[in-house]
Amino acid sequence: MSFKVVIPARLGSTRLPQKVLRLIAGKPLVQHVWEAARRTGAEQVVIAADDERVAKAAREFGADVRLTAATHQSGTDRVHEVARSEGWPGDTIVVNLQGDEPLMPPSLVREAAQMLKDDPAADISTLCHPLHSAEEWLDPNVVKLVMDRRGYALYFSRAPIPWKRDAADPKQAAQHMPEGLAYRHIGLYGYRVASLNQFSALPAAELEQCEALEQLRALSHGLRIRVGVTNDPPPRGVDTESDLAAIEAALKREGS
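None of these values were measured; they are calculated from a predicted model. (Residues numbered from 1 in each chain as written. Predicted model: local features only at pLDDT ≥ 70, side-chain atom pairs only at ≥ 80, totals over all residues. Heavy atoms only, no water.)

Caption draft 1: Representation of the pairing of strand β1 (residues 4–9) within the structure. In terms of burial, β1 is largely enclosed, as 6 of its 6 residues are buried. Here β1 shows a buried face lined by K4, V6 and P8 and a second buried face lined by V5, I7 and A9. Bridge analysis of β1 against strand β4 (residues 44–49) gives 6 bridges, and the strand direction is parallel. In the sheet register, V6 faces β4, and the bridge partner there is V46. In terms of strand pairing, β1 meets strand β6 (residues 93–96) through 3 bridges, oriented parallel. Paired with V5 across the strands is V95, a residue of β6. (Buried < 20%, exposed > 50% of the residue type's maximum accessible area, 1.4 Å probe, protein only. Helix = DSSP H or I, 4+ residues; strand = E, 2+ residues; numbered from the N terminus. Pairing = 2+ DSSP bridges.)

Caption draft 2: Molecular detail of unusual backbone geometry. P162 follows I161 through a cis peptide bond whose omega is -15°. The residue P162 is located in the loop between β9 (153–157) and β10 (183–192) in this model. The phi dihedral of Q18 falls on the positive side, at around 55°, and the residue is not glycine. Position of Q18 among the secondary structure elements: in the loop between β1 and β2 (23–24).

Caption draft 3: Geometry of the packing of aromatic side chains. All chains considered together, the criterion is met by 4 aromatic pairs. With a centroid separation of 5.2 Å and an interplanar angle of 50°, the aromatic rings of W34 and F61 are classed as tilted. With W34 in helix α1 (residues 29–38) and F61 in the loop between α2 (52–60) and β5 (64–67), the pair connects residues that are 27 residues apart, well separated along the chain. For the pair W34 and F61, one class covers both residues: buried. With a centroid separation of 6.5 Å and an interplanar angle of 45°, the aromatic rings of Y191 and F199 are classed as tilted. Across the pair, F199 and Y191 agree in class, each one buried. Each member of the aromatic cluster is reached from another via a ring pair, and the members are Y189, Y191 and F199. Sitting over the face of the ring of Y152, R224 holds its NZ or CZ atom 4.1 Å from the ring centroid. Here R226 stacks its cationic end above the ring of Y152, 5.2 Å away from the centre of that ring. (Phe/Tyr/Trp six-rings, centres within 6.5 Å; stacked < 30°, edge-to-face > 60°. Lys NZ or Arg CZ within 6 Å of the ring centre and 35° of its normal.)

Caption draft 4: Examining the packing of helix α3 (residues 75–86) against helix α6 (residues 193–201) more closely. Where α3 contacts α6, the two axes come as close as 10 Å, and the packing angle between them is 125°. As the angle between them shows, α3 and α6 are arranged oblique. Where α3 crosses over α6, the handedness of that crossing is left-handed. Across the interface between the two elements, T76, D77, V79, H80 and A83 from α3 touch V193, L196, N197, F199 and S200 from α6. (Axes fitted to C-alpha atoms, helices over the stretch in contact; angles between N-to-C directions. Parallel < 35°, antiparallel > 145°, perpendicular 65-115°, else oblique. Left-handed = near helix turned anticlockwise from the far one by under 90°. Contact = heavy atoms within 4.5 Å.)

Below, the structure is given as structure tokens:
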């Protein structure tokens, strides 16, 4: 299987400034992501930087890097700029691996690509894992999704979905969580370049703006998102100082 990986690496993050250049175990965060991407078997791994400081750091550790526009609103737009500037054909499969996901298993990146190879009807691929914690299910920072029987996404939401109507105690929100139907979305995407071109040309959708979830733009305009289910959820990405410390501890455990 032939596919490419693009790593959007934005310096201007808000919650943790310049996080892609923060050092973890002596290396910039984005270098750990790049090293993980190189273990996926992708034929090409490109870092899409928004700032020369990120591009310079990436070149120093040997990455293939493109300096993209600083005005992009999302990582998907940055991936699209790379695909367009490189002239990749429409049937090329490219996986968008965020620059703050150093512990994303390479097997999940390959799976995102494989789903598109195996399903010609799918425009986009992504992944999820079952939720067993009512606390996570109720957390608006955890994006949930529901699927149809064929494995295509029906909806994504920050709200707890699906909602069990006839819970034993209507005042106990946790009782409304339907075990076996609640999934957390994993923010990893595969695209065919033709679908990526289409997606990037679409206007923002009202549902997208309401939930602040760009994948709802794709669903609103009829693009089909194939969803893979894994029972081994990857660690969350890096958004806070405590996330940095947790990632460093995890990498040290792996090294030992």
